[in-house]
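Residue strings, one per chain:
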Amino acid sequence: MQAYKLNATIDESGHLIIDEPLNIAPGKVEVIILQPVLSLENSTETPTESQPEKPRRKSKVKAFEGLFENAPPTPPDFDPDQARWEALKEKHNL
């Protein structure tokens, strides 16, 4: 597989327009599109708006105090027994 870096644009109708000719063999290709990310100066929302307040999770073990604060919240439909079974199936190739 060979990689090419090209300049291209997307027109109003959503078509990809490549600005320079390609000298490659005909056939199927994979296209990866990278878009620039807006910087914080250009963003309209402030950092305090985008971060909802997290409930503090306390632990009796001092080493785990900061660990739970950075952990993502569990989804409401999370089933711990199903997660254990999936982990066991993956571990033992069942």
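Treat the numbers as computed from the prediction; the structure is a model and nothing was measured.

Chemist: Where do I start with the layout of surface pockets in this structure?
Modeler: A water-sized probe rolled over the atoms picks out the places where empty space is left. Considered as a void within the structure, the largest pocket measures approximately 960 Å³ in volume. Lining the largest pocket we find 23 residues, and of these Y4, L6, E30, V31 and I32 sit closest to its centre. Sorting elements by how many residues they give to the lining of the largest pocket places strand β1 (residues 8-10) first, with three residues.

Chemist: Where do I start with the pattern of salt bridges in this structure?
Modeler: For side chains bearing opposite charge, pairing can occur when the charged atoms are close. Under the criterion given, the structure shown has two salt bridges. One salt bridge in this structure joins R84 and D81, with 2.8 Å as the shortest N-O distance. Taken together, the residues R84 and D81, both in helix α3 (residues 80-92) and three residues apart, mark about one turn of the helix. The class of R84 is exposed, set by a relative accessible area of 51%. For K89, the salt bridge goes to E86, with nearest N and O atoms at 3.5 Å.

Chemist: What is the right way to read α3 from this model?
Modeler: Helical geometry note: an α-helix holds 3.6 residues per turn, so side chains three or four residues apart project in the same direction. The end-to-end C-alpha distance of α3 is 18 Å, a good match for the 18 Å that 13 residues give at a rise of 1.5 Å each. Positive backbone phi, approximately 55°, marks N93, located one or two places after α3.

The rules behind the values
- Residues numbered from 1 in each chain as written.
- Predicted model: local features only at pLDDT ≥ 70, side-chain atom pairs only at ≥ 80, totals over all residues.
- Heavy atoms only, no water.
- 1 Å grid on protein atoms, 1.4 Å probe; cavity = no way out; pocket = protein on both sides within 12 Å on 5 of 7 lines; lining within 4 Å.
- Points joined across faces, edges and corners; volume = space filled by probe spheres on them.
- Helix = DSSP H or I, 4+ residues; strand = E, 2+ residues; numbered from the N terminus.
- Salt bridge = Lys/Arg side-chain N within 4 Å of Asp/Glu carboxyl O.
- Buried < 20%, exposed > 50% of the residue type's maximum accessible area, 1.4 Å probe, protein only.
- Expected span 1.5 Å × (residues − 1).

Such coordinate-based values are descriptive only and should not be taken to indicate function.
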